[in-house]
Amino acid sequence: MDVINLEQKLGLIDDRWLPRVVAEMNDYQVKLVKVQGEFVWHQHDTTDELFLVLQGELMIKLAAGDVRLKAGDLYVVPRGVQHMPVAEEEVHLLLLEPKGVLNTGDKAGDRTAPADVWI
């Protein structure tokens, strides 16, 4: 396993809302993604989803109240909890989730990214 430079990998990403895998650990994938604007309301019925903000500020809308994250903050959305990430400006995120998880969870549509795409 080579050392992975997250900043260098993020520099290879030009699009938004399309997570890219940079590492695997057991059955989990470490993904990087750039986001801006509103995503879709969705949930992951069988897995939690970890968000780590590397750059910028992210809001995760939840029925129970919004969660606001800034660079260096980490939040885990529990399985089965409906959520919608929102970023007024571009945000760089690290995600940790099981291999094969779709970014839109239970809401397949035009924002659904292919799973398991490496960069």
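Rules and cut-offs
- Position numbers for residues start from 1 in each chain and track the written sequence from start to end.
- Confidence filtering applies because this is a predicted model: local features only for residues at pLDDT of at least 70, side-chain atom pairs given and counted only at 80 or more, and all residues used for totals across whole chains, interfaces and linings.
- As a convention, hydrogens and water are excluded, and side-chain values are obtained from all of the structure's heavy atoms.
- A run of H or I in DSSP counts as a helix once it spans at least four residues, and a run of E counts as a strand once it spans at least two, with each numbered from the N terminus.
- In this scheme, a residue with accessible area under 20% of its type's maximum is buried, one over 50% is exposed, and one in between is partly exposed, where area comes from a 1.4 Å probe on protein chains only.
- Contact between two residues is taken to exist if any of their heavy atoms lie within 4.5 Å; hydrogens are not considered.
- Pairing of aromatic rings covers Phe, Tyr and Trp, the last counted by its six-membered ring, and requires centre-to-centre distances within 6.5 Å; plane angles under 30 degrees mean stacked, over 60 mean edge-to-face, and any other angle means tilted.

What is the right way to look at the environment of Val 67 in this model?
Secondary-structure assignment places Val 67 in strand β5 (residues 67-70). Of the residues examined, Val 67 reaches a relative accessible area of 15% and is grouped as buried. Sequence separation between Val 67 and Leu 54 is 13 residues; the distance between their C-alpha atoms is 16 Å. In this structure Val 67 touches Leu 58, Met 59, Ile 60, Leu 62 and Tyr 75, once residues within four positions along its chain are discounted.

Would you mind going over the packing of aromatic side chains with me for this structure?
By convention here, two paired aromatic rings are described through the distance between centres and the angle between planes. Under the counting rule described, the total for this entry stands at 1 aromatic pair. Taken together, a centroid distance of 4.6 Å and an interplanar angle of 20° make the contact between Trp 17 and Phe 39 stacked. Linking Trp 17 in the loop between α1 (6-11) and β1 (20-25) with Phe 39 in the loop between β2 (28-38) and β3 (49-55), this pair joins segments that are 22 residues apart in sequence. Summarising the burial analysis for this pair, Trp 17 and Phe 39 share the class buried.

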